[in-house]
Amino acid sequence: MADDSLLPIAILIDELKSDEPLRRLNSISRLGLIAQALGEERTRAELIPFLSENVDDEDEVLLAQAEQLGNFVPYVGGPQYAYLLLPLLETLSTVEETVVRDKAVDSLCKVGASMPDAHSCEHFVPIIKRLGSGEWFTSRVSACGLFATAYPRCTPMLKAELRQLYAQLCRDETPMVRRAAAQKLGGFAKVVERDYCSRELMPLFTDLTQDDQDSVRLLAVESCGAFAQALGQQDATSMLLPIIHKFAQDKSWRVRYNVAQQLVQLCEALGAEVTRIELTPNFVRLLRDPEAEVRVAAAGKVSAFSKLLTPQQIVTSVIPCVRELSMDSSQYVRAALAGVVMEMAPVLGKQLTIDHLVPIFLTLLKDVYPDVRLNVISKLDQVNQVIGIDLLAQSLLPAIEELAEDKHWRVRLAIVEHIPLLASQLGADFFQDKLGPQCMKSLEDQVASIREASTRTLAKVAQEFGPDWARDHLVPHVLGLIKNPHYLYRMTVLGAISSLATIVSSDVLCNHMMPVLTNASKDKVPNVKFNVAKIMERLAPLVSRSVLESTIRPVLLELCEDPDMDVRFYARQALYACDHGPQQ
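All values reported here derive from a predicted model rather than from experimental measurement.

**A closer look at the overall build of the protein**
Consideration 1: Secondary structure summary: the protein contains 37 helices and zero strands in total.
Consideration 2: Over its C-alpha atoms the protein spans a radius of gyration of 33 Å, topping by over 25% the 25 Å that the globule rule assigns to 584 residues.
Consideration 3: Along the first, second and third principal axes, the C-alpha set of the protein runs to 90 × 80 × 35 Å.
Consideration 4: Across the 584 residues of the protein, 53% fall into the buried class.

Quick look at the structure:
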């Protein structure tokens, strides 16, 4: 029996040596199983050396291997043996394929973090030194990602050597190495002592921000937030502000784009006062950038940035830009703005929202691009909380009614899905007058997704306003639609009945809905009939035994004799459920 259970493992081990890359990949992706079967000692003595000899393989196999080795510490005997994995991962971190190198570096960091401090100094730091001074740029690129893992666990002398080596990498002649150094510098700054951070790393950061390659500068931007946290507010303000001012006006739009993405994080690190005085002009400049991509990034941060300003400052500095962006020539800028502009309402308060934001909402709601309109609709509740029901009804509902007839079905769907939210805030009377007719109309929409969403919406509204209200205002309208000549719409009504049945009283279910279902069971379209059978099965537990015997059972027995096999199948299934409970 034991031999049989080990057979699959033996096959996996054989597949490691297969000539077919797909078989090797399959086996490598189950390395953990193989190691478990071999045991810790044989994994250390046989499996790791075997893998080390076979690193000249397809990139997909090497990628899977690099990923697996990151979780291999328990299989080699725990942290005290983790160093045995390092040579293999070191080799993988020097290959030509970028994704393999990146995964190997991730795994090296994982393994390195689990090692005892003494092993880290003895085994991990030498790898950084070898990679950092390697002849090929690939090894130097990989080295950049390892410093933050090793540094906190080193002796002061080794720490000084690592800082010196990182300085060399930041000044490397190869742009790819400087790019990696710029990208990882923020993570390194977080673990370096504050004094060394300002004295040694900050000059490196300043040099990278002035690099002639824009790809290096834009990655340096990403380290700004980490430096702001590492330096402390006072040093960060004096050292970083000039760099941020310069970045915000960089000649490369990619750098300015990255600044727009990172600015809110920087503002939070530097504090509200610095943001209001120093950084607001930069943000305004980015909102008016000549490049649409930069405006997209900045527009998406409008709400988050506004939370750091006073309402008055928002009105004077940000709102004029928002007004311009709402009519921007790029639809992507308008869509990005529409997704967040509603969130400014709680920051501004009621009166300023009415004066300044509502006109912008209305402009965006009438945008020709459907994604813009969709983004505004999805945040309607944010405005309602601030300006209240009455003003929402006056200013936005006419636009919503218009959007409910929109030619783009996703916009109509979004409106239908937001009706329960609006209904709960506007009340039963308002729903009845304004939104109810629209909801009924959606039950007969040409798009199936909208019809299905409408049945869910009706159930939510009925739940909100109660069974009596549903009996008087929803059920008669829904049941009236069963006469539609098209079978798909008749099936939608059946779906609505099924959704509402659990909410309305048993009186309404038995005296109003059941007769409609009984008539629908005689429909000429099989799809309608077998849906009646499915609904009868769901309704059986909701009615008394007498109704089950006098109404449901006769309908199902009749459907069991139907010429259509699907109708017969569902009818028999429903009958069985009525007699024995639902089938598992």
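This is not the end of the story, as more comes after the structure.
**So, the nonpolar core**
Consideration 1: Within the largest apolar cluster, 199 residues are counted, with the highest numbers of intra-cluster contacts made by Phe 227, Leu 263 and Phe 431.
Consideration 2: No other element matches the eight residues that helix α17 (residues 253-270) contributes to this core.
Consideration 3: Counting only domains with at least three residues in this core, you end up with domain 1 (1-115) and domain 2 (505-583).
Consideration 4: Other than its neighbours up to four places away in sequence, Phe 431 contacts Ile 419, Ala 423, Gly 436, Pro 437, Cys 439, Val 461, Phe 465, Trp 469 and Leu 474.

**Thoughts on the packing of helix α18 (residues 272-287) against helix α19 (residues 292-299)**
Consideration 1: Where α18 contacts α19, the two axes come as close as 8 Å, and the packing angle between them is 130 degrees. Relative to α19, the element α18 is oriented oblique. Judged by residue contacts, Phe 283, Leu 286 and Leu 287 of α18 engage Val 294, Arg 295, Ala 298 and Ala 299 from α19.

**Brief notes about helix α4 (residues 40-53)**
Consideration 1: In this model, α4 (14 residues) spans 19 Å end to end at C-alpha, consistent with the 20 Å of a helix rising 1.5 Å per residue.
Consideration 2: Leu 47 marks where α4 bends most, by close to 30 degrees; the proline Pro 49 follows one to four residues later.
Consideration 3: For α4, the set of buried residues is Thr 43, Leu 47, Ile 48 and Leu 51.

**Considering the layout of surface pockets**
Consideration 1: For the largest pocket, the calculated volume is near 310 Å³.
Consideration 2: Counted by class, the lining of the largest pocket contains seven nonpolar, four polar and five charged residues.
Consideration 3: Approximately 260 Å³ is the volume found for the second largest pocket.
Consideration 4: Looking at the second largest pocket, it is lined by 14 residues, and the ones nearest its centre are Glu 452, Met 491, Thr 492, Gly 495 and Asn 531.
Consideration 5: At the level of secondary structure, the elements contributing two or more residues to the lining of the second largest pocket comprise α30 (448-465), α33 (487-501) and α35 (526-539).
Consideration 6: Broken down by element, the lining of the second largest pocket gets its largest block of residues, six residues, from α33.

**Considerations on the pattern of salt bridges**
Consideration 1: Considering all chains together, one arrives at 18 salt bridges under this definition.
Consideration 2: Linking Asp 212 and Arg 178 is a salt bridge whose minimum nitrogen-to-oxygen distance equals 3.8 Å. Highlighted residues: Asp 212 in the loop between α13 (194-209) and α14 (214-221) and Arg 178 in helix α12 (residues 175-191), separated in sequence by 34 residues.
Consideration 3: Since its relative accessible area comes to 64%, Asp 212 is described here as exposed.
Consideration 4: Under the relative-accessibility criterion, Arg 178 is labelled buried at 10%.
Consideration 5: Linked by salt bridges that have partners in common, Arg 178, Asp 211 and Asp 212 make up one network.

**Considering α33**
Consideration 1: Taking 1.5 Å per residue as the helical rise, α33 with its 15 residues ought to reach 21 Å, and the 21 Å between its terminal C-alpha atoms agrees with that figure.
Consideration 2: Considered for burial, the residues of α33 that qualify are Tyr 489, Arg 490, Thr 492, Val 493, Leu 494, Ala 496, Ile 497, Ser 498, Leu 500 and Ala 501.
Consideration 3: Next to the buried residues of α33 lie α30, α32 (475-480), α34 (506-520) and α35.

**A word on the environment of Cys 144**
Consideration 1: Following the sequence through the fold, Cys 144 ends up in helix α9 (residues 137-144).
Consideration 2: For Cys 144, a relative accessible area of 3% puts it in the buried group.
Consideration 3: It is 31 Å that separates the C-alpha atoms of Cys 144 and Leu 279, two residues lying 135 residues apart in sequence.
Consideration 4: Once residues lying within four places of it in the same chain are set aside, the contact partners of Cys 144 are Tyr 166, Leu 169, Val 177, Ala 180, Ala 181 and Lys 184.

**Observations concerning the side chain of Thr 209**
Consideration 1: In this fold, Thr 209 is placed in helix α13.
Consideration 2: Setting aside its immediate chain neighbours within four residues, Thr 209 contacts Arg 217, Ala 220, Ile 243 and Phe 247.

**Quick notes on the packing of aromatic side chains**
Aromatic rings considered in pairs are described by the distance between their centres and by the relative angle of their planes.
Consideration 1: For the coordinates displayed, the defined rule picks out 10 aromatic pairs.
Consideration 2: Ring geometry for Phe 465 and Trp 469: centres 4.9 Å apart, planes at 65 degrees, overall edge-to-face. Across this residue pair, the class does not change: Phe 465 and Trp 469 are buried.
Consideration 3: Each member of the aromatic cluster is reached from another via a ring pair, and the members are Phe 147, Tyr 151, Tyr 166 and Phe 188.
Consideration 4: The aromatic ring of Tyr 196 is capped on one face by Arg 163, whose charged end is 3.6 Å from the ring centroid.
Consideration 5: The cationic tip of Lys 534 hangs over the ring face of Tyr 570; the distance from NZ or CZ to the ring centre is 4.8 Å.

**Quick notes on the environment of Pro 515**
Consideration 1: Within the fold, Pro 515 resides in helix α34.
Consideration 2: In the structure, Pro 515 is positioned 36 residues away from Thr 551 in sequence and 8.7 Å away in space, judged by C-alpha atoms.

**Details of the confidence of the model for the protein**
Consideration 1: Model confidence for the protein is summarised by a mean pLDDT of 81, while 92% of its residues fall at 70 or above.
Consideration 2: In the model, residues 1-8 has pLDDT below 50 throughout and makes one contact with residues more than four positions away in sequence or in other chains.

**Considering the packing of α12 against α13**
Consideration 1: Closest axis-to-axis distance for the α12/α13 pair is 11 Å, and the angle between their directions is 150 degrees. Here α12 runs over α13; the crossing is left-handed. Of α13, the residues touching α12 (which contributes Arg 178, Ala 182, Leu 185, Phe 188 and Ala 189) are Cys 197, Leu 201, Phe 205 and Leu 208.
Consideration 2: Taken together, the residues of the contact of α12 with α13 break down into eight nonpolar, no polar and one charged.

Criteria and cut-off values
- Residues numbered from 1 in each chain as written.
- Predicted model: local features only at pLDDT ≥ 70, side-chain atom pairs only at ≥ 80, totals over all residues.
- Heavy atoms only, no water.
- Helix = DSSP H or I, 4+ residues; strand = E, 2+ residues; numbered from the N terminus.
- Rg over C-alpha atoms; globule rule 2.2 N^0.38 Å.
- Buried < 20%, exposed > 50% of the residue type's maximum accessible area, 1.4 Å probe, protein only.
- Core = buried A, V, L, I, M, F, W, Y, C linked by side-chain atoms within 4.5 Å.
- Domains from an automatic or database assignment.
- Contact = heavy atoms within 4.5 Å.
- Axes fitted to C-alpha atoms, helices over the stretch in contact; angles between N-to-C directions.
- Parallel < 35°, antiparallel > 145°, perpendicular 65-115°, else oblique.
- Expected span 1.5 Å × (residues − 1).
- Bend = angle between axes of the 7 residues up to and from the residue.
- 1 Å grid on protein atoms, 1.4 Å probe; cavity = no way out; pocket = protein on both sides within 12 Å on 5 of 7 lines; lining within 4 Å.
- Points joined across faces, edges and corners; volume = space filled by probe spheres on them.
- Nonpolar A, V, L, I, M, F, W, Y, C, P; charged D, E, K, R; others polar.
- Salt bridge = Lys/Arg side-chain N within 4 Å of Asp/Glu carboxyl O.
- Phe/Tyr/Trp six-rings, centres within 6.5 Å; stacked < 30°, edge-to-face > 60°.
- Lys NZ or Arg CZ within 6 Å of the ring centre and 35° of its normal.
- pLDDT = per-residue confidence, 0-100.
- Left-handed = near helix turned anticlockwise from the far one by under 90°.

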